[in-house]
Each structure stands twice: as C-alpha cells, then as structure tokens.
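Single-letter residue listing:
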Amino acid sequence: MHVIQKSNRIKAINAACGKLGIEREERHKLQLSITGIDSLTKMSLPQLNDVLSHLNRIAKGDQTGDEWRFVFKLTPGRQTYAKKIYRLAQKIGAMQNPPVAIMTKAYVEGVAAQMRGCDQPLEFCEPDQLHKIVQALEVYVKRHGG
C-alpha cells in the first residue's frame, strides 16, 4: 500500500510540474530546497507530500503574504511597527535561496522568540514589544547580509 501511495504521489508531482511548466532541473532544485533530497524515488511519503503541497500552493497562487493582513488592521500605534516588521520580512524573504516574496509570519515570530524572547503572536504584541522585534529583525538582516 505504501509503495502505491508513493508511486501516486510521484505521478501527481510530475503532473503538477508539467501543468506549472516546471522543468526537470528546476523541479530537482525545488525538491532539494524543500526536503534536502533531489530524487523523488529516494523520498519518504511525508516528504513527497511536502513537495506536492508546495506545488499545489504555487498552482493555487496561495501567497504567504495573506497571513500578514493583520498588519493593516492594527491600531495606528502598533501598525507603524508592524509595517516595519512586514518590510523586514520582505527583505528576509529576498535573502532566501531561492528568494521568496515575503518570509512567513511563523519564521519572523521564531526569529523574534530567539532574539527577544517574545513568544506571543505578532498581532497581540504591544507597541514596545513590536519595537524590540523591529530592532531584532534589523540586526538579523544586517548579520545575514541584507
């Protein structure tokens, strides 16, 4: 049963790549960036699912930026810092390999948790916490060549 599921996932991945116009070399790079493995036959079923999910998100046009909508609905005092965080997330996304339009909110919250100890979702942070997160992200961008 497991072999059949893997075979079906591989067929679905190849079909999705064909539909999206993704060439074989580009697909291998994509697989490598998602799972660390460039061969579909060497991947486990969960890894194949990850690749297929990623391709489905591309096909649907699902942008990670949607999770950032809250930024534009905050109170003015918090929105100023949240917009700065949003712009820094765009810079961090551009630094990735391959580049993405904007880093996920979870990634930014993870950086904030490591650098500032902020374990709260961004939309619930107070202005002073958001300011500290902006400072932490600016340091992060400088450290990583942004």
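Since the model is a prediction, treat every value here as computed from it, not as a measurement. (Residues numbered from 1 in each chain as written. Predicted model: local features only at pLDDT ≥ 70, side-chain atom pairs only at ≥ 80, totals over all residues. Heavy atoms only, no water.)

Quick look at the packing of aromatic side chains now. Across all of its chains, the model carries 4 aromatic pairs by this definition. Ring geometry for Trp68 and Phe70: centres 6.1 Å apart, planes at 25°, overall stacked. Here Trp68 falls in the buried class, since its relative accessible area comes to 0%. Here the aromatic rings of Phe72 and Tyr86 are separated by 5.6 Å at their centres, their planes lie at 75°, and the arrangement is edge-to-face. Of the two residues, Phe72 is situated in the loop between helix H3 (45-60) and helix H4 (76-95) and Tyr86 in helix H4; the sequence distance between them amounts to 14 residues. Three or more aromatic residues link up through ring pairs in this structure, and these residues are Trp68, Phe70, Phe72 and Tyr86. Across the ring face of Phe70, the terminal group of Lys105 is positioned such that the distance to the ring centre comes to 5.7 Å. (Phe/Tyr/Trp six-rings, centres within 6.5 Å; stacked < 30°, edge-to-face > 60°. Buried < 20%, exposed > 50% of the residue type's maximum accessible area, 1.4 Å probe, protein only. Helix = DSSP H or I, 4+ residues; strand = E, 2+ residues; numbered from the N terminus. Lys NZ or Arg CZ within 6 Å of the ring centre and 35° of its normal.)

One pass over the structure, following the stated rule, counts 2 salt bridges. We note a salt bridge from Glu109 to Lys105, for which the minimum N-O separation is 2.9 Å. One end of the pair is Glu109 and the other is Lys105, both in helix H5 (residues 105-116) and 4 residues apart, which spans about a single turn. Neither Glu109 nor Lys105 differs from the other in exposure class; each is buried. Where Glu123 meets Lys105, a salt bridge forms, and the shortest distance between an N and an O atom there is 3.0 Å. Separated by 18 residues along the polypeptide, Glu123 in the loop between H5 and helix H6 (127-143) and Lys105 in helix H5 bring together distant segments of the chain. If you follow the salt bridges from partner to partner, you end up with Lys105, Glu109 and Glu123 in one network. (Salt bridge = Lys/Arg side-chain N within 4 Å of Asp/Glu carboxyl O.)

Here we come to H3. Given a rise of 1.5 Å per residue, 16 residues ought to cover 22 Å, and the 22 Å separating the end C-alpha atoms of H3 matches this to within 8%. Of all the positions in H3, only Leu45, Leu48, Val51, Leu52 and Leu55 are classed as buried. Axial view of H3: buried residues confined to an arc of 125°, hence all on one face. Opposite its buried face, H3 presents the exposed residues Pro46 and Lys60, each directed more than 90 degrees away. Summarising the contacts, the buried residues of H3 are in contact with helix H1 (2-20) and helix H2 (24-35). (Expected span 1.5 Å × (residues − 1). Arc of directions from axis to C-beta. Contact = heavy atoms within 4.5 Å.)

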